[in-house]
Amino acid sequence: MKKTQLFASVAEFYDYSMVNNCDYEGWANYVTNKIRNLFSNGATGIDIACGSGYFTRALKKCGYNVCGMDISPEMLTSAQKITAKEGLFISYIVGDMTTFKFNAKVDFITAINDAINCLPPEKIVKTFKNFASILKRGGLLHFDVSSEYKLRNVIADNTFCEDDDDYSYIWFNKPYEDRVQMDMSVFLRENDKYIKRESQLIEFIHTKEFLQNALTEAGFKVLEVEGDMGKYTETSHRIHFTAIKE
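In this report, the structure presented in the accompanying data block is examined. (Residues numbered from 1 in each chain as written. Predicted model: local features only at pLDDT ≥ 70, side-chain atom pairs only at ≥ 80, totals over all residues. Heavy atoms only, no water.)

### Some points on the nonpolar core
Right, so step 1: One finds Ile48, Ile116, Phe128, Phe143 and Phe220 to be the most contacted residues of the largest nonpolar core, which totals 31 residues.
Right, so step 2: Where this core is concerned, the elements lending two or more residues are strand S1 (44–48), strand S2 (65–70), strand S4 (106–111), helix H6 (124–134), strand S5 (135–146), helix H8 (208–217) and strand S11 (238–245).
Right, so step 3: At 6 residues, H6 tops the list of elements feeding residues into this core.
Right, so step 4: Ignoring any residue separated from it by four or fewer positions in sequence, one finds phenylalanine 220 in contact with Phe128, Phe131, Ala132, Leu135, Leu141, Leu215, Ala243, Ile244, Lys245 and Glu246. (Core = buried A, V, L, I, M, F, W, Y, C linked by side-chain atoms within 4.5 Å. Buried < 20%, exposed > 50% of the residue type's maximum accessible area, 1.4 Å probe, protein only. Helix = DSSP H or I, 4+ residues; strand = E, 2+ residues; numbered from the N terminus. Contact = heavy atoms within 4.5 Å.)

### Comments concerning the sheet that holds strand S9 (residues 193–204)
Right, so step 1: Taken in spatial order, the 4 strands line up as S6-S7-S8-S9 in an open sheet, and their pairing is antiparallel. With one partner strand each, in any of the chains shown, strand S6 (159–163) and S9 form the two edges of the open sheet. Within this sheet the neighbouring strands show an average axis-to-axis angle of 10°, counted without direction.
Right, so step 2: Pairing between strand S8 (residues 179–190) and S9: 12 bridges, direction antiparallel. Counted as the bridge partner of glutamate 190 is lysine 193 from S9.
Right, so step 3: Helix H7 (residues 148–155) rests against S6, strand S7 (167–175), S8 and S9 of the sheet, and its axis sits at about 65° to S8. (Pairing = 2+ DSSP bridges. Axes fitted to C-alpha atoms, helices over the stretch in contact; angles between N-to-C directions.)

### Some thoughts on the pairing of S7
Remark: a regular strand shows side chains that alternate across the two faces of the sheet.
Right, so step 1: Note: S6 against S7, 5 bridges, orientation antiparallel. Across the sheet, aspartate 163 pairs through a bridge with serine 168, a residue of S7.
Right, so step 2: If you look at the hairpin formed by S6 and S7, you'll find 3 residues sitting between the two strands.
Right, so step 3: Sheet topology note: the S7/S8 ladder contains 9 bridges and is antiparallel. Opposite tryptophan 171, over in S8, you have methionine 184 as the bridge partner.
Right, so step 4: Where S7 folds back on S8, the antiparallel hairpin that results is connected by 3 residues.

### Quick look at the packing of H6 against H8
Right, so step 1: Their axes nearest at 9 Å, the elements H6 and H8 cross at an angle of 45°. Our classification of the angle between H6 and H8 gives oblique. In this structure, H6 crosses over H8, and the sense of that crossing is right-handed. Of the residues in H8, those touching H6 at Ile124, Val125, Phe128 and Lys129 are Phe210, Leu211, Ala214, Leu215 and Glu217. (Parallel < 35°, antiparallel > 145°, perpendicular 65-115°, else oblique. Left-handed = near helix turned anticlockwise from the far one by under 90°.)

### A closer look at the state of the cysteines
Right, so step 1: In the structure shown here, the tally under the stated rule is 0 disulfides.
Right, so step 2: With no disulfide of its own, cysteine 67 lies 8.5 Å from the sulfur of cysteine 50, the closest cysteine sulfur.
Right, so step 3: Residue classification places cysteine 67 among the buried positions, given a relative accessible area of 8%.
Right, so step 4: Cysteine 50 supplies the cysteine sulfur nearest to cysteine 118, a cysteine that is in no disulfide, at a spacing of 13 Å.
Right, so step 5: Using a relative accessible area of 22% as the deciding quantity, one classes cysteine 118 as partly exposed. (Disulfide = S-S within 2.5 Å.)

And the structure:
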């Protein structure tokens, strides 16, 4: 199943659900601080796999000239609606992170919330090289992945659910040797009835060492590796990477 199909059915509920189930404000502050360490207001950037645009909007509000890119037109439609409602102007582009091209070099690239987990191992170096081709020399790449520990010990073989006034979902997770298959059934309220939508996502397991080596091969210098927005440990659920193009 292509990623355009994955999120098409749940785009309208994605931002509401995620923001209400995660400290997105704290996470956005963490990301913008990484950019602020190297670049002042006015720096240019691309938020890759931006989804419904939460982090794109956070970067824009901090004064960065940022655009959002995602492979799902449905997610970008959701992003555009929310952006207009918040009185912001942001360009959103449909594209594949492994192959897309941009008409100018940028200062930074972000890829937040498991974007890199969506890539199989054989596409990682190619994707990082594509990122490098779009960045200026000294440009920053910041991304995160769900860790091997999280995918194998927290997500795999577990079922999650939530019941809200406007939506409910059931989320099943089937493990394989190098990935987890995530199947979600979402029930969205429309007036006095609920409409069922379904989606499927594959997240690949990438180790910290594999990603560090891939970054080096693609021409990046790794500046920092953190876990859960703090010190990395073997049981960190999320790993954050900050690197610069050499």
